[in-house]
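Below, each chain spelled out in residue letters.
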Amino acid sequence: MALFMPNGTDVPETDAERADLDAIQALKESSAIEYKEDGNKFVKMGKKHYSDAIDCYTKAIGQKIPDTLHNSVCYANRAHVNLLLGNNRRAFEDAQEAIKFNRANVKAYFRGAKAALALKLIPEALDMAEKGLELDPLNTELKKIGDQAKAIHHEEDAKKKRDSEALEKAKKLTALLEGRTVNIGKATFNHLTEGRKPWVDKSAMIHWPVLFVHAEVMVSDFIEDFFEMDTFGGHLDINYGDGSPSLLWDTRHEYTRERVELYYLSNAAKPLSNKHVVRWLLENDVGRQFKDVNDDDDSDDYKKQRWVKVDERATLHSVLSRPDHIISGIPVFFVVATGTRFCKTFLSGGWSIP
Amino acid sequence: MAVDKDLEDLAFFLKSPSPNLRKAAVEIVQGLSGTDEGVRRLSSHASALFSPLVRILVEAEEVSKPAAEALVNLSQDVAVVDHSIRVGAVERAMELIGKPGSKLNKFMVMLLVNISNIDKGASRLLQEGDEKLAGLNIAKLVRFFSRFSSSEVAGDDEYEHVANILVNITRLEFGRKVVLDMSKGILRQILPQIDSRSVVRRQGVAGTVRNCCFDAETYLPSLLLASEFLWPALLLPLAGTKVYSELDTAKMPLELATPLSQEDRELETDPKVRVEACEAIYLLLLQEGGRRAFWAINGPRILELGYEEEEDPKVMEAFERVGALLVGGSGTDEEAVQA
């Protein structure tokens with residue numbers, strides 16, 4: 001029987017030496033047991049003594065006696081205290097060690113599974129719970145942990161599936177936009193549209209959420225479904241034609257069907273790369289712009305911006321696909337009324353987006 | 001099968017090293033091919049006659065032209081077409097089409113019309129199954145078709161009958177796929193031909209679009225994104241001759257509003273073109289997106305006024321079928337506008 005002796009030292013030869021070694025070994029064993037029992041006592045004494053308990057178990061383990069059951073219990077008990085202290089990583093490792101010393105230690109499996117669950121290590125939690133239940137099939141605590149781990153696993157799988165489907169959808173839409181030579185730039189009016197995005201119908205045609213902004217008062221109308229083949233005239237009829245609700249702020253009744261005109265700002269933003277368009281399509285938080293698009297780029301090669309009038313007979317597609325039309329997030333069109341003072345200011349370049 | 005010694009001799013002489021003999025043989029074949037009886041007789045020896053005739057196509061005009069004419073006549077027989085596909089007639093014709101100085105373009109196109117009349121021929125012409133080359137023949141033919149139109153060329157419209165080829169190939173699903181492939185832009189090239197002076201061209205465009213619309217469910221974007229050309233091509237032939245009021249044209253895109261506001265419009269005289277335009281619209285209206293787009297441009301108004309002037313019974317029937325669709329389920333815009 002070998003003690004922990006430094007390399008190169010001689011094996012004991014004389015009877016006397018052997019007797020001494022036996023005595024030391026017996027001391028170690030009784031110390032180990034004492035430390036373990038002290039640890040147990042400290043745990044019972046409550047929260048304030050948990051760290052003392054840990055110390056005791058550590059010392060018990062440190063005796064390195066050859067009793068595997070004893071070592072397993074020490075590790076398992078230390079795991080228990082670590083769990084109580086919230087040291088989940090350490091608890092998990094202790095449980096693993098406890099199992100190494102004794103593969104039948106049900107408590108170790110339970111504590112390991114609990115720690116793994118807290119650490120969100122779902123495969124490990126499932127594994128430990130399963131192994132523990134093999135030994136003790138009726139163990140309700142283990143079953144509970146196992147069920148919890150399974151539930152989280154299913155939820156994670158479902159989320160992964162949802163995320164990858166959303167990514168596919170976004171990639172498809174981006175490809176469709178590219179095919180239509182429609183450019184998207186960084187969004188500016190997200191807060192007005194509740195994070196809505198364009199969508200593809202079952203015929204692979206695109207529908208857009210569109211904003212009509214009354215520049216004079218910065219009051220906007222949100223059009224939920226502007227089909228890419230709809231004409232602007234059709235939507236103007238709905239918003240300003242007979243039977244449409246009156247605009248409360250339009251006290252002088254200037255914004256009538258005959259007088260409203262639509263404009264977009266050409267080159268309003270820098271076109272995003274496909275990768276960034278996909279990312280923007282996946283965003284669903286209102287107002288959160290993704291941060292790593294270089295802001296410096298906006299200042300370089302700034303193309304000339306001007307107000308471009310929209311022919312109300314045109315389809316949305318024909319306007320969006322123009323090379324000078326960069327959609328800043330979702331399509332925004334500014335509404336002015338002909339013959340108003342504001343309109344003059346607007347058209348002469350005296351007004352800009354606040 | 002009775003042995004036709006004369007034809008065997010002819011086949012022999014077609015391969016003769018003597019140009020005079022070849023010329024004589026070709027002219028005999030050409031003469032024979034001009035009658036139905038002659039074609040029937042010749043087709044029994046198709047395998048012997050066809051390949052030598054094809055080989056003669058690369059020779060001087062005085063032999064190649066009658067050979068080409070003979071081939072076109074022969075290819076009216078289905079058995080001959082079958083044989084011709086096997087000996088590479090499609091590929092040979094495509095090689096010869098568009099060659100500078102060639103006088104055979106018209107014949108080669110007509111040969112392809114006859115060959116593409118049967119599915120096997122159409123498929124071969126489409127290069128279906130060839131991943132790399134699929135549709136390239138058609139793209140080439142359409143390029144020539146659009147570049148040299150009846151209005152430009154004073155003399156012979158060599159590529160007129162590509163219109164028939166297009167109708168033939170779009171009877172196949174793969175043909176519709178090729179024509180509607182947005183990256184090839186074939187649809188946009190052929191749609192303006194609806195204005196052509198040649199009735200063959202106009203019938204071809206209308207027939208091709210009508211065939212393509214059978215796949216409107218799958219290829220709606222290919223059709224609607226070409227709206228700028230598609231609606232004028234389908235609606236102007238049906239719009240009648242009256243001048244449209246401003247109220248009517250206010251909702252229409254310029255490509256419709258402008259011509260419809262003009263006096264002395266030329267009516268589409270051919271009823272077949274009008275029927276096919278109606279049928280194409282019908283197929284588009286079966287799709288919700290098609291209906292919505294049609295209402296947006298005030299399409300129903302055009303059909304309404306066109307129907308009033310229509311007198312041909314078959315065309316009227318076609319109008320009525322479309323009308324039934326429009327009355328049954330209208331686009332969302334219509335309800336809003338009426339409100």
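Here the structure is a predicted model, which means the values were calculated and not measured.

Peer 1: Can you help me understand the overall build of chain B in this one?
Peer 2: When its secondary structure is counted, chain B shows 23 helices and 0 strands. In terms of overall dimensions, chain B has C-alpha extents of about 80 × 40 × 35 Å along its principal axes. Of all 339 residues assigned to chain B, the portion counted as buried reaches 55%. Long-range contacts, defined as pairs at least 24 residues apart, comprise 71% of the intrachain contacts of chain B with a sequence gap of at least 6. For chain B, the computed accessible surface area is about 15,400 Å², with 52% contributed by carbon and sulfur atoms. A gap of 7 Å separates the mean positions of the 38 positive and 52 negative side-chain charges of chain B.

Peer 1: What's the story with the interface of chain A and chain B in this structure? I'm lost.
Peer 2: How big an interface is tends to be stated in terms of accessible area lost as the parts join. Listed per partner, the contact involves 17 residues of chain A and 21 residues of chain B. For the pair chain A and chain B, the two sides together bury roughly 1,600 Å², of which 56% comes from carbon and sulfur. The largest contributions to the chain A side of the interface with chain B come from A:Ser203, A:Met229 and A:Arg313, which together make up 36% of the buried area. Joining chain A to chain B, the criterion identifies 3 salt bridges. Joining chain A to chain B, the criterion identifies 5 residue pairs in polar contact (both at pLDDT 80 or more). At the level of secondary structure, the elements contributing two or more residues to the side of chain A that touches chain B comprise strand 4 (219–227) and helix 8 (232–240) of chain A. Of the residues assigned to the side of chain A that touches chain B, the class counts are 5 nonpolar, 4 polar and 8 charged.

Peer 1: Would you explain the domain arrangement of chain A in this entry?
Peer 2: Split by domain assignment, chain A resolves into domain 1 (17–153) and domain 2 (183–292 + 303–348). Look at where the C-alpha atoms of domain 1 of chain A and domain 2 of chain A centre, and you get two points 64 Å apart.

Peer 1: Before we go on, may I ask you to explain unusual backbone geometry in this structure?
Peer 2: If a residue is not glycine, its phi is most likely negative; likewise, a peptide bond is most likely trans. Residues and elements named next belong to chain B. One non-glycine residue with positive phi stands out, namely glutamine 127, at about 55 degrees. Tracing the sequence through the fold places glutamine 127 in the loop between helix 9 (119–126) and helix 10 (136–147). Residue classification places glutamine 127 among the buried residues on the basis of a relative accessible area of 14%. Positive phi outside glycine occurs at asparagine 298, with the angle close to 65 degrees. You can see asparagine 298 is positioned in the loop between helix 20 (288–296) and helix 21 (299–309).

Peer 1: Sorry if this is basic, but what is going on with helix 5 (residues 106–118) of chain A here?
Peer 2: Three- or four-residue spacings in an α-helix give side chains the same orientation, since the helix completes a turn every 3.6 residues. All names here are of chain A. With 13 residues, helix 5 should cover 18 Å at 1.5 Å per step; its first-to-last C-alpha distance of 19 Å lies within 8% of that length. Here helix 5 lies mainly inside the structure; 10 of its 13 residues are buried. Residues Val106, Ala108, Tyr109, Phe110, Arg111, Gly112, Ala113, Ala115, Ala116 and Leu117 constitute the buried set of helix 5. Where helix 5 is buried, its residues meet helix 3 (68–85), helix 4 (88–101), helix 6 (122–135) and helix 7 (140–179). Between the side-chain oxygen at the start of helix 5 and the backbone nitrogen of lysine 107 there is a gap of 3.2 Å, and the oxygen is on asparagine 105. Within two residues after helix 5, lysine 120 carries a phi angle of roughly 65 degrees, on the positive side.

Peer 1: Help me out: how do you make sense of the nonpolar core in this one?
Peer 2: Most often, soluble globular proteins have nonpolar side chains that are buried together. Grouped together as the largest cluster of nonpolar side chains are 114 residues, with contacts concentrated most on B:Met108 and B:Ile138. Sorting elements by how many residues they give to this core places helix 19 (residues 271–285) of chain B first, with 9 residues. Once residues lying within four places of it in the same chain are set aside, the contact partners of B:Ile138 are B:Leu125, B:Leu126, B:Leu166, B:Ile169, B:Val178 and B:Ile186. By size, the runner-up hydrophobic cluster in this structure holds 50 residues, among which are A:Ala187, A:Val277, A:Val278 and A:Ala337.

Peer 1: Sorry if this is basic, but what is going on with the UniProt feature "domain: Cns1/TTC4 wheel" (unreviewed entry) in chain A here?
Peer 2: Listed under "domain: Cns1/TTC4 wheel" (unreviewed entry) in the UniProt record, and renumbered for this structure, are residues 203–267 of chain A. The distance from the first to the last C-alpha atom of residues 203–267 of chain A is 30 Å, and the span holds 14% helix and 37% strand.

Peer 1: Sorry if this is basic, but what is going on with empty space enclosed by the protein here?
Peer 2: Any space left empty among the atoms is revealed by the rolling of a water-sized probe across them. Summed over the entire model, instances satisfying the criterion amount to 1 cavity of 30 Å³ or more. Forming the boundary of the largest cavity are A:Thr231, A:Gly233, A:Gly234, A:Glu312, B:Ala250, B:Lys251 and B:Ala296. Looking at side-chain class alone, the lining of the largest cavity contains 2 nonpolar, 3 polar and 2 charged residues.

Peer 1: Sorry if this is basic, but what is going on with the confidence of the model for chain A here?
Peer 2: Low-pLDDT stretches of the model should not have their predicted coordinates read in fine detail. When pLDDT is averaged across chain A, the result is 89; 92% of the residues are at 70 or more. Segment residues 285–290 of chain A: pLDDT under 50, and 14 contacts once partners within four positions in sequence are set aside and those in other chains are kept.

Peer 1: Explanation requested: the packing of helix 16 (residues 227–235) of chain B against helix 19 of chain B in the structure shown.
Peer 2: Helices that pack against each other are described as a pair by the angle of their axes relative to one another and the distance between those axes. Residues and elements named next belong to chain B. For the pair helix 16 and helix 19, interaxial distance at closest approach is 8 Å and the crossing angle is 130 degrees. As judged from the angle between their axes, helix 16 and helix 19 are oblique. Touching Leu230, Trp231, Leu234 and Leu235 of helix 16 are Ala277, Ala280, Ile281 and Leu284, all from helix 19.

Peer 1: Can you walk me through the environment of B:Gly175 in this structure?
Peer 2: Residues and elements named next belong to chain B. Looking at the secondary structure, you find glycine 175 in helix 12 (residues 173–180). A residue is classified by how much of its surface remains accessible, and glycine 175, at 0% relative accessible area, is buried. Those residues in contact with glycine 175 that lie beyond four places of it in its chain are Leu126, Ile169 and Thr170.

Cut-offs used in this document
Residues numbered from 1 in each chain as written. Chains lettered and ligands numbered in written order. Predicted model: local features only at pLDDT ≥ 70, side-chain atom pairs only at ≥ 80, totals over all residues. Heavy atoms only, no water. Helix = DSSP H or I, 4+ residues; strand = E, 2+ residues; numbered from the N terminus. Buried < 20%, exposed > 50% of the residue type's maximum accessible area, 1.4 Å probe, protein only. Contact = heavy atoms within 4.5 Å. Areas by Shrake-Rupley, 256 points an atom, 1.4 Å probe, with all protein chains shown as cover. Lys, Arg positive; Asp, Glu negative; His and termini not counted. Charge placed at Lys NZ, Arg CZ, Asp CG, Glu CD. Buried area = accessible area lost by both parts, 1.4 Å probe. Salt bridge = Lys/Arg side-chain N within 4 Å of Asp/Glu carboxyl O. Polar contact = N/O pair within 3.5 Å; in protein donor to acceptor, adjacent residues only side chain to side chain. Nonpolar A, V, L, I, M, F, W, Y, C, P; charged D, E, K, R; others polar. Domains from an automatic or database assignment. Expected span 1.5 Å × (residues − 1). Core = buried A, V, L, I, M, F, W, Y, C linked by side-chain atoms within 4.5 Å. UniProt positions renumbered as here; feature names shortened; annotations may be inferred. 1 Å grid on protein atoms, 1.4 Å probe; cavity = no way out; pocket = protein on both sides within 12 Å on 5 of 7 lines; lining within 4 Å. Points joined across faces, edges and corners; volume = space filled by probe spheres on them. pLDDT = per-residue confidence, 0-100. Axes fitted to C-alpha atoms, helices over the stretch in contact; angles between N-to-C directions. Parallel < 35°, antiparallel > 145°, perpendicular 65-115°, else oblique.

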